[in-house]
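Given next are the chains, with one letter for each unit.
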Amino acid sequence: MTTRIRVALSAALVAALAWLPPPSAHSAEIVVSAASSLADALEALRPAFFARHPQDAVVFNLAASDVLLAQIDRGAPVDVFASADEATMDRADRAHRLAPGTRRIVATNRLVIVVPKGAAAVGSVDALLDATVRRVAVGSPATVPAGRYARGVLEASGAWQALQPKLVLAQNVRQVLDYVARGEVDAGFVYATDAALMPDRVVVTADAPGVVPIRYSIAVVADSRHKALAAAFVDLVDGPEGRAALGRLGFGRP
Amino acid sequence: MGDALVPLLLTLKVASVATVLALCAGVVAGLALARLRFPGRDVLDALLLLPMVLPPTVLGYYLLVLLGSRGTLGAWLDRTLGLRLVFTWQGAAIAAAVVAFPLVFKAARTAFESIDADLEKAARSLGYPEWAVLLRVTLPLAWRGIAAGAMLAFARAMGEFGATLMIAGNIPGRTQTISIAIYEAVHAGRDDLANLLVLLASVVCIALLVAAAAIVRRGHLAVVPV
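Residues numbered from 1 in each chain as written. Chains lettered and ligands numbered in written order. Predicted model: local features only at pLDDT ≥ 70, side-chain atom pairs only at ≥ 80, totals over all residues. Heavy atoms only, no water.

Draft legend 1. Molecular detail of the confidence of the model for chain A. Chain-level statistics for chain A give a pLDDT mean of 92 and a share of 96% at 70 or above. Within chain A, strand β3 (residues 80-83) of chain A carries the highest mean pLDDT (97), whereas helix α1 (residues 3-19) of chain A carries the lowest (81). (pLDDT = per-residue confidence, 0-100. Helix = DSSP H or I, 4+ residues; strand = E, 2+ residues; numbered from the N terminus.)

So this is what it looks like as structure tokens:
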């Protein structure tokens, strides 16, 4: 190619690029780190968010609450944090990870014992000690709020130590649900809202009420680069649409 | 320190059993594919190397479907032998053996193929039966390559994470291998424990690689099969 043609092509390319529409001044993307059990409720709110902010996008990052806080501590670019227990939210607060004044309690939940469909029912926490129950799945108490709630229930009835050899620890509450649904364990501790998602594969056989109320809280992250949009998302979850979506899935009102 | 020793000892146990399993299968397969000629040999070779390139979670999923309590093989094992592999260290060893197998197989096959066939022919012409040729000539000549492959296999088995997590889960003291323990420590914010575990794992792996290289060097093999 001669130099002249090359120069002409480059000029044409630059001119073409200049014609491309500039990125919209309003388009932003927020990252919402939320406890695994909130997955379906938040996904249900996506259309409402899009209706209010058609130029913007929201990305959900789902895992156990402690894992999410560890990510935020290490500088992950998160805008909103929703936790399944107050203790983790308090830790976030003490570490100054939350934007002041943005923390809200948005839902409550119940802990239940589930068994695989077709397996023998486990009628109470004490029934877990039976020899017929070989494996029980709980979230890992070190990183999963559902695991800590389960440990609380088991410690209150004095069964925690006795159950140690049978316990299978999961990375988050949805993994507990998966273990039960697959029949790899004989029973598991999940939230009532999670159990309701798989009625054809797991059966709720007992309530597991504990001393600590299960409360979900949400807040804007202090280092968020889109605080206004993040606050708008928190308002959405805390508002009538959020309550309706959470209520439809079985969450309780705070 | 105890928190770090338990996963390390468990990992060494799982990796040892996995390496032995991989050695048995890998040497047999390596010998078969080095010596026998049959249609589809290259396809079989590629299939046997597959665990080395498949994502570990894909392997883990296949193993779960096969060996899970409601899986094809797993249900039979549970019914007839009362054996459940999911959430046990034996399941972890099987997962690690599957990922380590290609390393031993490849090393063994290369080692067997690099033996001068004349030496074996000479042994036969001197009256050795086949099994004696194998034990007295073939294996002694091939052992360095196989040993180097076994050490790589051990290191790989030690580091196995994805498939192990899916099959064996994360149960401290029973299936929480060192890789999983590091993952958990980081997520629980226990950086001190994570640092110690990472240091231990690195030291062991470096020692294995140095030893493997030393074995190969002494045998004057040109290439470490990887």
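Draft legend 2. Summary view of the packing of helix α1 (residues 2-35) of chain B against helix α10 (residues 191-218) of chain B. Residues and elements named next belong to chain B. The interhelical angle for the contact between α1 and α10, taken along N-to-C directions, is 40 degrees, at an axis separation of 10 Å. It follows from the interaxial angle that α1 and α10 lie oblique. Relative to α10, the crossing made by α1 is right-handed. Touching Asp3, Ala4, Pro7 and Leu8 of α1 are Leu193, Leu196, Leu197 and Leu200, all from α10. In terms of residue class, the contact of α1 with α10 is made up of 7 nonpolar, no polar and 1 charged. (Axes fitted to C-alpha atoms, helices over the stretch in contact; angles between N-to-C directions. Parallel < 35°, antiparallel > 145°, perpendicular 65-115°, else oblique. Left-handed = near helix turned anticlockwise from the far one by under 90°. Contact = heavy atoms within 4.5 Å. Nonpolar A, V, L, I, M, F, W, Y, C, P; charged D, E, K, R; others polar.)

Draft legend 3. Structural view of the packing of helix α3 (residues 56-67) of chain B against helix α4 (residues 72-81) of chain B. All names here are of chain B. Their axes nearest at 3 Å, the elements α3 and α4 cross at an angle of 40 degrees. Here α3 is positioned oblique relative to α4, judged by the angle of their axes. Counting all contacts with α3, which are made through Val65, Leu66 and Leu67, the residues of α4 involved are Thr72, Leu73 and Gly74. Here the residues of the contact of α3 with α4 sort into 4 nonpolar, 2 polar and no charged.

Draft legend 4. Representation of the pattern of salt bridges. Residues and elements named next belong to chain A. Throughout the structure, instances matching the rule amount to 26 salt bridges over all chains. Of the charged contacts in the structure, one is a salt bridge between arginine 243 and aspartate 238, with a shortest N-O distance of 3.1 Å. Salt bridges sharing partners connect three or more residues here, namely Glu86, Asp90, Asp93, Arg103 and Arg215. (Salt bridge = Lys/Arg side-chain N within 4 Å of Asp/Glu carboxyl O.)

Draft legend 5. A look at the pairing of strand β8 (residues 187-191) of chain A. Residues and elements named next belong to chain A. The element β8 is largely enclosed, with a buried count of 5 among its 5 residues. The two faces of β8 match: Ala187, Phe189 and Tyr191 on one face and Gly188 and Val190 on the other face are all buried. Examined bridge by bridge, strand β5 (residues 111-116) and β8 share 4 bridges and lie antiparallel to one another. Across the sheet, residue leucine 111 finds its bridge partner in β8, namely tyrosine 191. Alignment of strand β6 (residues 136-139) against β8, held across 2 bridges, turns out to be parallel. When the bridges of β8 are listed, valine 136 appears paired with alanine 187. (Buried < 20%, exposed > 50% of the residue type's maximum accessible area, 1.4 Å probe, protein only. Pairing = 2+ DSSP bridges.)

Draft legend 6. Summary view of a nonpolar patch on the surface. Side chains of Leu36, Phe38, Val43, Leu44, Leu47, Leu50, Met52 and Val53 of chain B sit close together on the surface and give an oily, nonpolar patch of about 690 Å² of accessible area. Here valine 53 of chain B is to be found in helix α2 (residues 41-53). (Patch = residues over 30% accessible without salt bridge, like charges linked within 9 Å, V, L, I, M, F, W, Y side chains within 5 Å. Areas by Shrake-Rupley, 256 points an atom, 1.4 Å probe, with all protein chains shown as cover.)

Draft legend 7. Highlighting the side chain of threonine 102 of chain A. Residue and element names in this part refer to chain A. Turning to its location among the elements, threonine 102 is positioned in the loop between α5 (86-94) and β4 (104-109). Threonine 102 gets classed as buried once you look at its relative accessible area, which sits at 16%. When residues no more than four places from it in sequence are discounted, the contact partners of threonine 102 are Ile218, Ala219, Val220 and Val234.

Draft legend 8. Region of interest: the interface of chain A and chain B. On the chain B side, the residues contacting the 25 residues of chain A number 22 residues. Here chain A packs against chain B, burying approximately 1,900 Å² in sum over the two surfaces, 44% of which is carbon and sulfur. Ranking the residues of chain A by area buried against chain B places Arg135, Gln171 and Glu184 of chain A at the top, with a combined share of 29%. Counting across the chain A and chain B interface gives 2 salt bridges. Residues aspartate 191 of chain B and arginine 74 of chain A are paired through a salt bridge, measuring 2.8 Å at the closest nitrogen-oxygen approach. On the surface where chain A and chain B come into contact, there are 6 residue pairs in polar contact (both at pLDDT 80 or more). (Buried area = accessible area lost by both parts, 1.4 Å probe. Polar contact = N/O pair within 3.5 Å; in protein donor to acceptor, adjacent residues only side chain to side chain.)

Draft legend 9. Structural view of helix α10 (residues 227-238) of chain A. Under the 1.5 Å per step criterion, the end-to-end length of α10 of chain A is 16 Å for 12 residues, consistent within 8% with the ideal 16 Å. Those residues of α10 of chain A that fall on the buried side of the exposure criterion are Leu229, Ala230, Ala232, Phe233, Val234, Leu236, Val237 and Asp238 of chain A. (Expected span 1.5 Å × (residues − 1).)

Draft legend 10. Here's a closer look at the packing of aromatic side chains. Inspection of the entire model under this criterion finds 8 aromatic pairs over all chains. Ring geometry for phenylalanine 60 of chain A and phenylalanine 233 of chain A: centres 6.0 Å apart, planes at 55 degrees, overall tilted. Residue phenylalanine 60 of chain A is located in strand β2 (residues 57-63), and its partner phenylalanine 233 of chain A is located in helix α10; the two are separated by 173 residues in the primary sequence. Side by side, phenylalanine 60 of chain A and phenylalanine 233 of chain A carry an identical accessibility label, which is buried. Judged by centre distance (5.2 Å) and plane angle (65 degrees), the rings of phenylalanine 161 of chain B and tyrosine 183 of chain B are edge-to-face. In this pair, phenylalanine 161 of chain B sits in the loop between α7 (130-159) and α8 (162-168) while tyrosine 183 of chain B sits in helix α9 (residues 178-187), placing the two residues 22 residues apart along the sequence. One Lys or Arg, lysine 13 of chain B, reaches over the ring of tryptophan 89 of chain B and ends 4.3 Å from the middle of that ring. (Phe/Tyr/Trp six-rings, centres within 6.5 Å; stacked < 30°, edge-to-face > 60°. Lys NZ or Arg CZ within 6 Å of the ring centre and 35° of its normal.)

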